[in-house]
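Single-letter residue listing:
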Amino acid sequence: MFQCLLIEDDAQTLSYLSKGLERNGYAVTTCEDGISAQQLLERGGWDVVVLDRMLPGVVDGLALLRSLRSRSDDTPVLVLSALNSVDERVRGLHAGGDDYLAKPFELAELVARVENLVRRAASARLATQLQVADLLLDLRAMRATRAGQPIPLQPREFRLLEYLMRHEGQIVTRRMLLEDVWDYHFDPQTNVIDVQVSRLRGKVDKGFDVPLIHTVRGTGYTLRVPASGEAFDL
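Here the structure is a predicted model, which is why all the values come from computation and not from measurement. (Residues numbered from 1 in each chain as written. Predicted model: local features only at pLDDT ≥ 70, side-chain atom pairs only at ≥ 80, totals over all residues. Heavy atoms only, no water.)

## Re the pattern of salt bridges
Across all of its chains, the model carries 17 salt bridges by this definition. In this structure, Arg 53 engages Asp 60 in a salt bridge whose closest nitrogen and oxygen atoms are separated by 3.5 Å. Given a relative accessible area of 5%, Arg 53 falls into the buried group. The class of Asp 60 is partly exposed, set by a relative accessible area of 23%. Between Arg 113 and Glu 109 there is a salt bridge, with its nearest N and O atoms 2.9 Å apart. Of this pair, Arg 113 and Glu 109 both sit in helix H5 (residues 107-128), four residues apart, which is roughly one turn of that helix. Relative accessible area serves as the criterion here: at 25%, Arg 113 is assigned to the partly exposed category. Linked by salt bridges that have partners in common, Arg 53, Asp 60, Glu 88 and Arg 91 make up one network. (Salt bridge = Lys/Arg side-chain N within 4 Å of Asp/Glu carboxyl O. Buried < 20%, exposed > 50% of the residue type's maximum accessible area, 1.4 Å probe, protein only. Helix = DSSP H or I, 4+ residues; strand = E, 2+ residues; numbered from the N terminus.)

## Structural notes on the sheet that holds strand E11 (residues 213-216)
If you walk across this open sheet you meet the three strands as E10-E12-E11, and the pairing is antiparallel. A single partner strand is all that each edge strand has here, and the edge strands are strand E10 (172-173) and E11. Note: E11 against strand E12 (residues 220-223), four bridges, orientation antiparallel. Each bridged residue has a counterpart across the sheet, and for Thr 215 the counterpart in E12 is Tyr 221. Contacts from helix H8 (residues 192-205) reach E11 and E12 within the one sheet, and its direction differs from that of E11 by about 145°. (Pairing = 2+ DSSP bridges. Contact = heavy atoms within 4.5 Å. Axes fitted to C-alpha atoms, helices over the stretch in contact; angles between N-to-C directions.)

## Some remarks on helix H2 (residues 34-43)
Regarding H2, the residues found buried are Gly 34, Ala 37, Gln 38, Leu 40 and Leu 41. Against the buried residues of H2 lie strand E1 (3-7), strand E2 (27-31), strand E3 (48-52) and helix H3 (61-70). The N-capping residue of H2, defined by a side-chain oxygen 3.1 Å from the backbone nitrogen of Ile 35, is Asp 33. One or two positions beyond H2, positive phi appears at Gly 44, with a value near 75°. (Polar contact = N/O pair within 3.5 Å; in protein donor to acceptor, adjacent residues only side chain to side chain.)

## A few points about the UniProt feature "domain: OmpR/PhoB-type" (unreviewed entry) in the chain
With numbering matched to this structure, UniProt assigns "domain: OmpR/PhoB-type" (unreviewed entry) to residues 127-225. Structurally, residues 127-225 comprises 35% helix and 25% strand, and the distance from its first C-alpha atom to its last is 22 Å. (UniProt positions renumbered as here; feature names shortened; annotations may be inferred.)

## Considerations on the sheet that holds E3
Here five strands make up an open sheet; going across it, the order is E2-E1-E3-E4-E5 and the pairing parallel. One side of each edge strand has no neighbouring strand; the edge strands of this open sheet are E2 and strand E5 (99-102). Averaged over all adjacent pairs, the angle separating strand axes in this sheet is 20°, with direction ignored. For E1 and E2, the ladder comprises five bridges, and the chain directions are parallel.

## Topic: the state of the cysteines
One covalent bond between the sulfur atoms of two cysteine residues makes up a disulfide. Under the counting rule described, the total for this entry stands at zero disulfides. We note that Cys 31 lacks a disulfide partner, and the nearest cysteine sulfur, in Cys 4, lies 12 Å from it. (Disulfide = S-S within 2.5 Å.)

## Here's the deal with unusual backbone geometry
A cis geometry characterises the amide bond from Lys 103 onward to Pro 104, with omega recorded as -5°. Mapped onto the elements of the fold, Pro 104 is located in the loop between E5 and H5. One non-glycine residue, Ala 133, lies in the positive phi region at around 55°. When you line up the elements, Ala 133 lands in the loop between strand E6 (129-132) and strand E7 (135-138). For Ala 133, a relative accessible area of 45% puts it in the partly exposed group. The backbone of Asp 183 sits at a positive phi, close to 60°, despite the residue not being glycine. Turning to its location among the elements, Asp 183 is positioned in the loop between helix H7 (174-180) and H8.

## A look at the packing of aromatic side chains
The full count for this structure, using the stated rule, is one aromatic pair. A centroid spacing of 6.3 Å and a plane angle of 35° characterise the contact between Phe 2 and Tyr 26, whose relative ring orientation is tilted. With Phe 2 in the segment before E1 and Tyr 26 in the loop between helix H1 (11-23) and E2, this residue pair connects regions lying 24 residues apart in the sequence. On the basis of relative accessibility, which here comes to 37%, the residue Phe 2 falls in the partly exposed class. Here Arg 146 stacks its cationic end above the ring of Phe 208, 4.3 Å away from the centre of that ring. (Phe/Tyr/Trp six-rings, centres within 6.5 Å; stacked < 30°, edge-to-face > 60°. Lys NZ or Arg CZ within 6 Å of the ring centre and 35° of its normal.)

Have a look at this one:
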């Protein structure tokens, strides 16, 4: 279930929007002021934020947006506002908003816009992340984790793991690895591939019940979840 943070200072509007989003399958956390909203945004974990432009106190919607983007947080944000001039819409978008919806509006349009933001964000994540079982590779952050535990990788190890994950379930030969990961178009007559794969396997599989990196004798390697009873060489 997608996690939505709804920030709106009008209690009636807050209740109406919250119920509408929940009916459409969102888990909604509500907030009515900028200070509390700042704390919730810093906590993170949101799939989408619906943010009222005008909030009471010193922390308004644009300040929240700028703070969010200053932390390189790309959570999609839909800005709601009674200010509907072109200049105000431009200010909201320049501050970091992904979409802008002027009040008054129909609930159906808000839900459609939220769904669009969530869908776009999911597509962007797919383009920058690879996942096999509980192994996750974040290509943008250059970070690997398994079951949420960070895996420290050297740049070459990262490239090797990325290659294996992009070829999930396929057998990749040593020649493929030499040419596509090491950029060698000749055989260096060394065991560099075997050493690096062994080192990577130690980082990715050590301590986990299900190994993901496997040796295929006489051929190369494969990365995948083994079928029940399936055996590979070590």
